Amino acid sequence: MASGMGLSGRQRALIRESWRRLSGSPVQHGLVLFTRLFDLDPDLLPLFQYNCKQFASPQECLSAPEFLDHIKKVMLVIDAAVNHLENLSCLEEYLCNLGKKHQAVGVKVESFSTVGESLMYMLEKCLGTAFSPDVREAWSKLYGAVVKAMQRGWGPSQKGD
């Protein structure tokens, strides 16, 4: 993972400023992200099971305490990436292992494009007019680098799943 992964200083500043606006309410913004994710791909709902319990609906999942903990963890990963924009390579091993964990629970590599769409949706909805095309491009680059690192955790036979 390249240290700056091609982000300019301005792009890093745009990411930091936009994240600063959102970081005070991680669960609230994470709920926007995951609500959109389930709207885009309801087939992802069965991947979220806690104590062998299947959720009957996205709403049931989104209100479960265990899922709210998952949202907090996702937002912490984004926070870590934002805080290490100059040196994302220090997160490489962590993100690779995170990829392995996602593969183990049945997440497909292709689902990350839907997660990316959901992330952009959340940023747009929560930032409003501050979500400019330049901010979108910067976040897209960052998200792409994070996903690339996570994909390294997939076994060779799984990358095409």
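The name given to the chain in an unreviewed UniProt entry is Neuroglobin, with the source organism recorded as Falco tinnunculus. Recorded under Catalytic activity (unreviewed entry), the UniProt text for the chain is reproduced unchanged: "Fe(III)-heme b-[protein] + nitric oxide + H2O = Fe(II)-heme b-[protein] + nitrite + 2 H(+)". The heading Sequence similarities (unreviewed entry) in the UniProt record of the chain holds the text "Belongs to the globin family."

1. Focus on the packing of aromatic side chains
Following the criterion strictly, the structure yields eight aromatic pairs and no others. Measuring from ring centre to ring centre gives 6.1 Å for F34 and F48, while their planes differ by 90°; the resulting arrangement is edge-to-face. Taken together, the positions of F34 in helix 2 (residues 26-40) and F48 in the loop between helix 2 and helix 3 (58-63) put the pair 14 residues apart, joining distant regions of the chain. Pair check on accessibility: F34 and F48 agree, each one buried. Ring centres of F48 and F67 lie 5.0 Å apart, and the angle between their planes is 90°; on these two criteria the pair is classed as edge-to-face. Of this pair, F48 sits in the loop between helix 2 and helix 3 while F67 sits in helix 4 (residues 65-83), and the two are 19 residues apart along the sequence. The exposure class of F48 is buried, given its relative accessible area of 13%. Here a set of aromatic residues connected by ring pairs shows up, and it is made of F34, F38, F48 and F67. Over the aromatic face of Y121 sits the side chain of R36, whose NZ or CZ is 4.5 Å from the ring centroid.

2. Observations regarding the pattern of salt bridges
Within the structure shown, the criterion is met by nine salt bridges. Residues R10 and D134 are paired through a salt bridge, measuring 3.1 Å at the closest nitrogen-oxygen approach. With R10 in helix 1 (residues 9-22) and D134 in helix 7 (residues 133-151), this residue pair connects regions lying 124 residues apart in the sequence. Between E86 and R16 there is a salt bridge whose closest N-O contact spans 2.5 Å. With E86 in the loop between helix 4 and helix 5 (92-104) and R16 in helix 1, the pair connects residues that are 70 residues apart, well separated along the chain.

Conventions and cut-offs
Residues numbered from 1 in each chain as written. Predicted model: local features only at pLDDT ≥ 70, side-chain atom pairs only at ≥ 80, totals over all residues. Heavy atoms only, no water. UniProt positions renumbered as here; feature names shortened; annotations may be inferred. Phe/Tyr/Trp six-rings, centres within 6.5 Å; stacked < 30°, edge-to-face > 60°. Helix = DSSP H or I, 4+ residues; strand = E, 2+ residues; numbered from the N terminus. Buried < 20%, exposed > 50% of the residue type's maximum accessible area, 1.4 Å probe, protein only. Lys NZ or Arg CZ within 6 Å of the ring centre and 35° of its normal. Salt bridge = Lys/Arg side-chain N within 4 Å of Asp/Glu carboxyl O.

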